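Summary of structural features
Residue strings, one per chain:
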Amino acid sequence: MGRSVGILGGGLAGLALSALLAARGHHVTVYERDQLGGKLRRLEVGGLTFDTGPSLFTVPQVWRAYLDRLGEPDPLNLQPLPGGLGQYHTPHGPVPLPVPPGHALFADWQRYVRMAAPLAPHLLTLLTTPPRLTDPAFLRASAALFRVTGPHLTAAAWLRARHFPPALSHALATQALNAGLAPQDAPALYALLPALVGAEVMRPARGMGALLEALKDSAAARGVVLREGEAVTRISGTALMLNGTEAVRHDLLVSALDPVRLAALRGQRAPSPLARRTVSGVALYAALPEPTSLPATSVLPPDDFRAFRAAVRAGEWPSSTLALVHAEGRRLSVLLAAPATGAAVTPEHPWVQAQLRRIEETLGVPGLLASAQAVTALPPAHYAAGGHPGGALYGAAVPPWRGGPLHPQPYRVAPGLWQVGAGVHPGGGLPAILGGALLVDTLLAGTNGR
Ligand SMILES: Cc1cc2nc3c(=O)[nH]c(=O)nc-3n(C[C@H](O)[C@H](O)[C@H](O)COP(=O)(O)OP(=O)(O)OC[C@H]3O[C@@H](n4cnc5c(N)ncnc54)[C@H](O)[C@@H]3O)c2cc1C
């Protein structure tokens, strides 16, 4: 029988789960304090439209599994991004990922791909299946993961044991930043991502905003009530206070918020106040006067991961950070990994300027950003406003054995109160967000939400 479900937070996770629960006959309302979409939103800069937040749509089989469960065709028209994961400008030389045939590193790349191959058929299971030791599919997938990673818990340890040439090793280590962590802290699985993702680095033909539209449409088509500008200000059992004035009761609540935020709403202390944070970022969106000839994606890893890790852990600006640069016509977007301190910096900040000079020198485009007609920066303060403490992009930094696919997380916080989203599915990019929605939908169906 359909129950009344309140979802707190209308980011991608809350929206994705809302349609799944409505498809099971529940009466679902999503409460969003600001705009639906959370980290993904449309921004106008110098007359051009940018989609903020996620830029690479990887592991699209999770999205297809999501659509299969809803019984819907794919509205996104996902297109491979030219150049795949991009050109990695490591201190040991440039490396394109995936490494193409004919490249000096191609033989090493093939050796690497062969190592990861036994895991590829299990990636979808790892991302979408509740981590239960009684589930044979989960056990098979976990066994495949352990066979490939061996005794190495972290991306750095796995790479050290493989003795790849330094440039390839550095480019692969950079993938740890997809979990918001240095390679010394990220699960070994992250070093395997380029092999597992392969050529399937995608983007909807109409931009990432199309994903938000698709999620909103499928929720609305199933009768989900979407309430924007409605901040949840208190939670007691399965009752909510909205904007401090309106009381609402549901049979079941699902939080798609950061767990620290959820704890505060319940009048409790943060779950683990000592937890370290994943990195935050300074995203810059620039409207250029002319189309650039830069490749679609260029990546400048930190020169030295140890120094980078020490700086972000200490809440200091790393002297060389990860820079992810996307170019498309006159649109240029840059994401700089930054410590999760909630800082409110502008494009003129000396650290931002120093990182932009590094990008311009490395890519051979002096003065590129200075030539922009308009630039908007989204700093850690922006990501902190409705997200994780300090603006951490992926929430708390959990130990490697709890990160990635093994995620034994508190999906059920209390009777009638569940969690979904980046805060409870660490490493939370789109595959983890969508996979986490499938996973929580499965768990809820099994328990009828109690
Ligand atoms: C700059 C950047 C680049 C990224 N790049 C990639 C990428 O290339 N590929 C990829 O896969 N992933 C990427 N990600 C990660 C991905 O965007 C996120 O994991 C995902 O959007 C998180 O979704 P979410 O719903 O869990 O959280 P959020 O988007 O943070 O949603 C939480 C929502 O809760 C709302 N909220 C908070 N408090 C309340 C309250 N009290 N009441 C009601 N509502 C509330 C917030 O306003 C927000 O809308 C990137 C993220 C960022 C920021």
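Residues numbered from 1 in each chain as written. Predicted model: local features only at pLDDT ≥ 70, side-chain atom pairs only at ≥ 80, totals over all residues. Heavy atoms only, no water.

With that settled, the discussion passes to the sheet that holds strand E19 (residues 374–378). Overall, mixed pairing links the 7 strands, which are arranged E7-E6-E16-E17-E18-E15-E19 in an open sheet. Strand pairing shows two members of the sheet lacking a second neighbour, strand E7 (93–97) and E19, which therefore form its edges. The mean angle between the axes of side-by-side strands here comes to 15°, regardless of whether they run parallel or antiparallel. The pairing of strand E15 (residues 280–287) with E19 spans 5 bridges and is antiparallel. Within E19, the position partnered with Tyr-285 by the bridge is Thr-376. This element, helix H12 (residues 350–363), spans strand E6 (86–90), E15, strand E16 (297–300), strand E17 (323–328) and strand E18 (331–338) of the sheet and lies at about 120° to E18. (Pairing = 2+ DSSP bridges. Helix = DSSP H or I, 4+ residues; strand = E, 2+ residues; numbered from the N terminus. Axes fitted to C-alpha atoms, helices over the stretch in contact; angles between N-to-C directions. Contact = heavy atoms within 4.5 Å.)

This part takes up the domain arrangement of the protein. Segmentation of the protein into domains returns domain 1 (4–77 + 207–271 + 410–447), domain 2 (103–203) and domain 3 (276–386). Taking the mean C-alpha position of each, domain 1 and domain 3 sit 28 Å from one another. Facing 14 residues of domain 1, the contacting portion of domain 3 comprises 16 residues. Carbon and sulfur atoms make up 66% of the area that domain 1 and domain 3 hide from each other, which totals about 1,300 Å². Interface area lost by domain 1 to domain 3 is led by Val-45, Leu-48 and Phe-50, which between them contribute 36%. (Domains from an automatic or database assignment. Buried area = accessible area lost by both parts, 1.4 Å probe.)

Attention now goes to the nonpolar core. The biggest cluster of nonpolar side chains holds 95 residues, and the ones touching the most others in it are Phe-57, Trp-63 and Leu-97. Judged by nonpolar contacts, the second largest core, of 25 residues, contains Val-334, Ala-338, Leu-369 and Ala-372. (Core = buried A, V, L, I, M, F, W, Y, C linked by side-chain atoms within 4.5 Å. Buried < 20%, exposed > 50% of the residue type's maximum accessible area, 1.4 Å probe, protein only.)

Further remarks concern the packing of helix H1 (residues 12–23) against helix H9 (residues 209–221). Axis separation between H1 and H9 bottoms out at 8 Å; the angle between their running directions is 35°. For the pair H1 and H9, the crossing hand works out as left-handed. Seen from H1, the contacting residues are Leu-12, Leu-15, Ala-16, Ser-18 and Ala-19; seen from H9, they are Leu-211, Leu-212, Leu-215, Lys-216, Ser-218 and Ala-219. For the contact of H1 with H9, the residue count by class is 8 nonpolar, 2 polar and 1 charged. (Left-handed = near helix turned anticlockwise from the far one by under 90°. Nonpolar A, V, L, I, M, F, W, Y, C, P; charged D, E, K, R; others polar.)

In this structure the tally under the stated criterion is 8 aromatic pairs. With a centroid separation of 6.3 Å and 65° between ring planes, the pair formed by Phe-57 and Trp-63 is classed as edge-to-face. For the pair Phe-57 and Trp-63, one class covers both residues: buried. Between Tyr-112 and Phe-164, the ring centres sit 5.8 Å apart and the planes meet at 90°, which makes this aromatic pair edge-to-face. Linking Tyr-112 in helix H3 (residues 106–116) with Phe-164 in the loop between helix H6 (155–162) and helix H7 (166–173), this pair joins segments that are 52 residues apart in sequence. When its relative accessible area of 0% is taken as the criterion, Tyr-112 is described as buried. For Phe-164, a relative accessible area of 7% translates into the label buried. These aromatic residues form a ring-pair network of at least three members: Trp-109, Tyr-112, Trp-158 and Phe-164. (Phe/Tyr/Trp six-rings, centres within 6.5 Å; stacked < 30°, edge-to-face > 60°.)

The next point concerns the packing of H1 against helix H2 (residues 60–70). Closest axis-to-axis distance for the H1/H2 pair is 10 Å, and the angle between their directions is 25°. By the angle between their axes, H1 is roughly parallel relative to H2. Taken as a pair, H1 and H2 cross one another with a handedness that is left-handed. Taken together, the residues of H2 that come into contact with H1 (itself represented by Leu-15, Ala-16, Ala-19, Leu-20 and Ala-23) are Tyr-66, Arg-69 and Leu-70. Looking at the contact of H1 with H2 residue by residue, the class counts come to 7 nonpolar, no polar and 1 charged. (Parallel < 35°, antiparallel > 145°, perpendicular 65-115°, else oblique.)

Position of His-326 among the secondary structure elements: in strand E17. Residue class for His-326 comes out buried when judged on its relative accessible area of 8%. Among the polar contacts made by the side chain of His-326, one reaches the side chain of Thr-297 at a distance of 3.2 Å. When residues no more than four places from it in sequence are discounted, the contact partners of His-326 are Ser-55, Leu-56, Arg-203, Ala-296, Thr-297, Arg-331, Leu-332 and Ser-333. (Polar contact = N/O pair within 3.5 Å; in protein donor to acceptor, adjacent residues only side chain to side chain.)

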